[in-house]
Amino acid sequence: MAMEMRDLPKKETKDQMLTIVQAVNDGMRTLLETDDRIMLLGEDIGKNGGVFRATEGLQEVFGADRVVDTPLSEAGIIGASVGLAVNGFKPIAEIQFLGFIYPAYEQVMTHVSRLRMRTMGRYTVPMVIRAPYGAGVRAPEIHSDSVEALFTHMPGIKVVCPSTPYDAKGLLIAAAEDPDPVLMLEPMRSYRAKREEVPSGRYTVEIGKGKRVKEGTDITLIAWGAMMPVVEKAAEQAEKSGISCDVIDLRTLYPLDRDLIAESVQKTGRAVIVHEAHFTGGLGNDIVSMINDTSFLYLRAPIERVTGFDVPVPFFALEEHFLPTPARVVQAIEKAVHF
Amino acid sequence: MTENRHKSIGLSDETAVEMYKTMLLARRLDERMWLLNRSGQIPFVISCQGQEAAQVGAAFALDRSKDYVLPYYRDMGVVLSFGMTAADIMLSGFAKAEDPNSGGRQMPGHFGQKKNRIVTGSSPVTTQVPHAVGIALAGKMEKKDLVTFVTFGEGSSNQGDFHEGANFAGVHKLPVIFMCENNKYAISVPVEKQLACEKVSDRAQGYGMPGFTINGNDPIEVYKYVKEAAERARRGEGPTLIETITYRLTAHSSDDDDRAYRSREEVEQAKSNDPILTFKAYLKDTGAMDEKMEKAIDAEITRQVDEATEYAESAPYAKPEDALTHVYAEEQ
């Protein structure tokens, strides 16, 4: 993988065939090249290029001052990034796994998300926190957490979650340009799953906008990040029994794309929401509420949710039983369609 | 005649008296806020009383035109030295819209004022420490010779954020001054039940920085140590941890009753070492301030506190819809 990345042309060609993790790397490279205020901070991100190789080669090019190997200290990483942002820099902090953010959670909840409000906009925290999240790579327990709802609940921070290489780079650059702090969840399970054309240079994907990835008429499927391939596979299977699925990749988890969700559900009258996070308190509940608020009288069946269970993500031998599968999604589709 | 210690470290009589005035203003504002609280006019007070010497001594040793301060909630002496006014403090006490810290959104004592490089804090203690580190890192990146100054209590030197911030600053040799105001109690729990080591400054060794424990009741001594730490920081030699030994003369806050955990004898004993009294006596003994000046300063500060109180009392509250603003960047 490392060699492949180094062999890729960086600027010469218009498009490159990249994986998600390479697109994230390319996004950071583009930002470092075009904005002196960008700094990267994290554990093992320098010489080692990050445990997932997301920062591969960047310290070599941009130096140890801008690509900082921090002490092993998550609150220190986020706290120091707050200070950098307050003093005019745009830090991009890597948290090695989303589950490792808990020691820094206090910093995110009481400072990152609130400094603007507390100072009436005089101090702001334009920073990006990147974190690989989710199960399915045989990583144990905490390494597999998908706790986006802990962050969508707190006003003052935005949350994005790409499922494709193109969106990964575009959302990362949009996050870095955003005047507010943004948490970018990167689906580690999909990091190297597929390649697609990614433009070189700067471009953005608008924060707050979902994307319809497949047009359909009978039922709306809503998911994001690592659940997109699961949902797309389920949609293919459902098509075989004549059920036409409208598939939405939310891409941004806060603020949600209310218009896209409402427009789709008002067309299909049915919806299945899929996330790997736990059922209780999951983001699916907010989407159900949003559909009730916008589209209740269009519904032809109760809204279905396919999610992880209300247990900590189990160790690797059992994670297939924890994660939503295409089969579970198809079951939910059929339940809604035959209601 | 007492030995003139301020001149020997380069402080003029005028500056020494200015320090006294700032300490006294902090004390009188704090006392007024207690009166306002006990008469039901403001909801909450958290005091600087007893710690003004450490606060003002330190702040005067910094470059007040470019350094950043990240105070903790007792640091009225620090923020007054850095340009906050009596009216600003009172507006915050009354939680009025014009409060420069947060427009009445935060507790009094959560100081923040961008124009004076006072960086806002939060209620979980010591979480501002890594911010001081980040600001110092930004300054170093831009090759500015600014210093960041962050304070906290001895109890909160147990928090992870202190250790993570101190270690980060030590590893990267950043221009940060960590100042502990050891007032001997974290609300009710005494220092011996807070620290496994003898002194907070012992912790400096673990983070590769010099650590000092000094008399926080003496603004001249605090000035001297903070000045040296600032010079060391500006030379690129990294951070310093300074522990100032003080005493909290009031209860923890207006909602606390310290009689449950401190003897009156102990508090009375501390009051005999009140830094306002001892520094005033020192200034008079050295001839820096005479009786006439003292009276004029007293009258001037009473006038300032009265005016600030009246101004803040009659200022308007924030509108309800203001609560909906500044959560995200406003639409252009």
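Cut-off values and rules
Residues numbered from 1 in each chain as written. Chains lettered and ligands numbered in written order. Predicted model: local features only at pLDDT ≥ 70, side-chain atom pairs only at ≥ 80, totals over all residues. Heavy atoms only, no water. UniProt positions renumbered as here; feature names shortened; annotations may be inferred. Helix = DSSP H or I, 4+ residues; strand = E, 2+ residues; numbered from the N terminus. Rg over C-alpha atoms; globule rule 2.2 N^0.38 Å. Buried < 20%, exposed > 50% of the residue type's maximum accessible area, 1.4 Å probe, protein only. Lys, Arg positive; Asp, Glu negative; His and termini not counted. Charge placed at Lys NZ, Arg CZ, Asp CG, Glu CD. Axes fitted to C-alpha atoms, helices over the stretch in contact; angles between N-to-C directions. Parallel < 35°, antiparallel > 145°, perpendicular 65-115°, else oblique. Left-handed = near helix turned anticlockwise from the far one by under 90°. Contact = heavy atoms within 4.5 Å. Nonpolar A, V, L, I, M, F, W, Y, C, P; charged D, E, K, R; others polar. Pairing = 2+ DSSP bridges. Domains from an automatic or database assignment. Buried area = accessible area lost by both parts, 1.4 Å probe. Salt bridge = Lys/Arg side-chain N within 4 Å of Asp/Glu carboxyl O. Polar contact = N/O pair within 3.5 Å; in protein donor to acceptor, adjacent residues only side chain to side chain. pLDDT = per-residue confidence, 0-100. Phe/Tyr/Trp six-rings, centres within 6.5 Å; stacked < 30°, edge-to-face > 60°.

- Going by an unreviewed UniProt entry, chain B carries the name 2-oxoisovalerate dehydrogenase subunit alpha and comes from Bacillus thermotolerans.
- Chain B has a UniProt comment under Cofactor (unreviewed entry) that states "thiamine diphosphate".
- Listed in UniProt under the heading Function (unreviewed entry), the comment for chain B reads: "The branched-chain alpha-keto dehydrogenase complex catalyzes the overall conversion of alpha-keto acids to acyl-CoA and CO(2). It contains multiple copies of three enzymatic components: branched-chain alpha-keto acid decarboxylase (E1), lipoamide acyltransferase (E2) and lipoamide dehydrogenase (E3)."

**Brief notes about the overall build of chain A**
Move 1: Along chain A, the regular secondary structure elements total 13 helices and 14 strands.
Move 2: In terms of C-alpha radius of gyration, chain A reaches 20 Å, essentially the compact-globule figure of 20 Å for 339 residues.
Move 3: Its C-alpha atoms give chain A principal-axis dimensions of about 60 × 45 × 40 Å.
Move 4: The buried share among the 339 residues of chain A stands at 63%.
Move 5: Within chain A, the 46 negative side-chain charges are centred at a point lying 2 Å from the centre of the 37 positive side-chain charges.

**What about the packing of helix α2 (residues 13–38) of chain B against helix α5 (residues 86–93) of chain B?**
Residue and element names in this part refer to chain B.
Move 1: One can describe the packing of α2 onto α5 by two numbers: an axis separation of 11 Å at closest approach and a directional angle of 25°. Classified by the angle their axes make, α2 and α5 are roughly parallel. As α2 packs across α5, the resulting crossing turns out to be right-handed. Contacts between α2 and α5 involve Leu25, Leu29, Arg32, Met33 and Leu36 from the former and Ala86, Ile89, Met90 and Gly93 from the latter.
Move 2: Partitioned by chemical class, the residues of the contact of α2 with α5 number seven nonpolar, one polar and one charged.

**Focus on the sheet that holds strand β14 (residues 304–307) of chain A**
Whether parallel or antiparallel, the strands of a sheet pair through hydrogen bonds between backbone atoms.
Residues and elements named next belong to chain A.
Move 1: Strand order in the open sheet made by the five strands is β9-β11-β10-β13-β14, with mixed pairing throughout. Both edges of this open sheet fall to β9 (211–214) and β14, since each of them pairs with a single strand only. For this sheet the average axis-to-axis angle between neighbouring strands, irrespective of direction, equals 25°.
Move 2: Sheet topology places strand β13 (residues 271–275) next to β14; four bridges connect them, and they run parallel. Looking across to β14, one finds that Val272 is bridged to Glu304.
Move 3: Together, β10 (219–223), β13 and β14 form the strand contacts of helix α11 (residues 283–295), whose direction differs from that of β13 by roughly 160°.

**Remarks on the domain arrangement of chain A**
Residue and element names in this part refer to chain A.
Move 1: Split by domain assignment, chain A resolves into domain 1 (15–199) and domain 2 (211–337).
Move 2: Summarising the inter-unit geometry, the C-alpha centres of domain 1 and domain 2 are found 26 Å apart.
Move 3: With 28 residues of domain 1 in contact, the opposing surface of domain 2 contributes 25 residues.
Move 4: Together domain 1 and domain 2 conceal approximately 2200 Å² of surface at their shared face, both sides included; 53% is due to carbon and sulfur atoms.
Move 5: When the shortest N-O distance is used, the salt bridge between Arg251 and Asp167 registers 3.1 Å.
Move 6: For the pair domain 1 and domain 2, the number of links is 10 residue pairs in polar contact (both at pLDDT 80 or more).
Move 7: Looking at the side of domain 1 that touches domain 2, the elements that each hand over two or more residues are α7 (149–152), β6 (158–160), α8 (165–177) and β7 (182–187).

**Quick notes on the sheet that holds β7(A)**
All names here are of chain A.
Move 1: Overall, mixed pairing links the seven strands, which are arranged β3-β2-β4-β5-β7-β6-β12 in an open sheet. In the strand order of this sheet, the two ends are held by β3 (67–69) and β12 (252–254), each with one partner. Going from strand to strand, the sheet's axes swing by 20° on average, the running direction of each strand aside.
Move 2: Examined bridge by bridge, β6 and β7 share three bridges and lie parallel to one another. Paired with Val160 across the two strands is Met184, which belongs to β7.

**Let's talk about the confidence of the model for chain A**
Move 1: Across chain A, pLDDT averages 94, with 96% of residues at or above 70.
Move 2: Predicted confidence is poor over residues 1–9 of chain A, with pLDDT under 50, and the contacts of this stretch with residues over four places away or in other chains come to 14 contacts.

**Things to note about the packing of aromatic side chains**
All names here are of chain B.
Move 1: Counted under the stated rule, the structure contains 16 aromatic pairs over all chains.
Move 2: Judged by centre distance (6.4 Å) and plane angle (90°), the rings of Tyr185 and Tyr247 are edge-to-face. Here the residue Tyr185 occupies a position in strand β4 (residues 185–186), and Tyr247 occupies one in the loop between β7 (240–245) and α9 (264–271), the gap between them amounting to 62 residues. Of the two residues, Tyr185 and Tyr247, neither departs from the other in class, the shared state being buried.

**Remarks on the interface of chain A and chain B**
Move 1: Contacts between the two partners involve 41 residues from chain A and, on the opposite side, 40 residues from chain B.
Move 2: Carbon and sulfur atoms supply 66% of the area that chain A and chain B bury against each other, a total of about 3200 Å² over both sides.
Move 3: Between chain A and chain B we count zero salt bridges in total.
Move 4: On the surface where chain A and chain B come into contact, there are 20 residue pairs in polar contact (both at pLDDT 80 or more).
Move 5: Those elements that provide at least two residues to the side of chain A that touches chain B are β2 (38–42), β3, α4 (74–86), α5 (105–112) and α6 (115–118) of chain A.

**Examining the environment of Ala174(A)**
All names here are of chain A.
Move 1: Inspection of the secondary structure puts Ala174 in helix α8.
Move 2: Put simply, Ala174 and Tyr203 are 29 residues apart on the chain and 8.0 Å apart in space, counted from C-alpha to C-alpha.
Move 3: When neighbours within four sequence positions are excluded, Ala174 is seen to be in contact with Thr204, Val205 and Ile207.

**Points about the side chain of His275(A)**
Residue and element names in this part refer to chain A.
Move 1: Among the structural elements, His275 can be located in strand β13.
Move 2: According to the relative accessible area criterion, His275 is buried, its value standing at 1%.
Move 3: Within the structure, His275 has its side chain in polar contact with the backbone nitrogen of Gly284 (distance 3.2 Å).
Move 4: In this structure, His275 is in contact with Glu148, Trp224, Met227, Gly282, Leu283, Gly284, Val306, Thr307, Gly308 and Pro324, ignoring residues within four places of it in sequence.

**Side note on the UniProt feature "domain: Dehydrogenase E1 component" (unreviewed entry) in chain B**
Move 1: On the UniProt side, "domain: Dehydrogenase E1 component" (unreviewed entry) is annotated at positions that read residues 20–321 of chain B here.
Move 2: Between the first and last C-alpha atoms of residues 20–321 of chain B the distance is 42 Å; the span itself is 42% helix and 10% strand.

**Here's the deal with the pattern of salt bridges**
Move 1: Tallying each qualifying case throughout the model produces 41 salt bridges over all chains.
Move 2: A salt bridge links Asp218(B) to Arg5(B), with the nearest nitrogen and oxygen atoms 2.8 Å apart. Of this pair, Asp218(B) sits in the loop between β6 (211–215) and α8 (219–234) while Arg5(B) sits in helix α1 (residues 5–8), and the two are 213 residues apart along the sequence.
Move 3: Here Asp218(B) falls in the buried class, since its relative accessible area comes to 10%.
Move 4: One network of salt bridges, in which partners are shared, links Arg212(A), Glu215(A), Asp246(A), Glu263(A) and Lys267(A).

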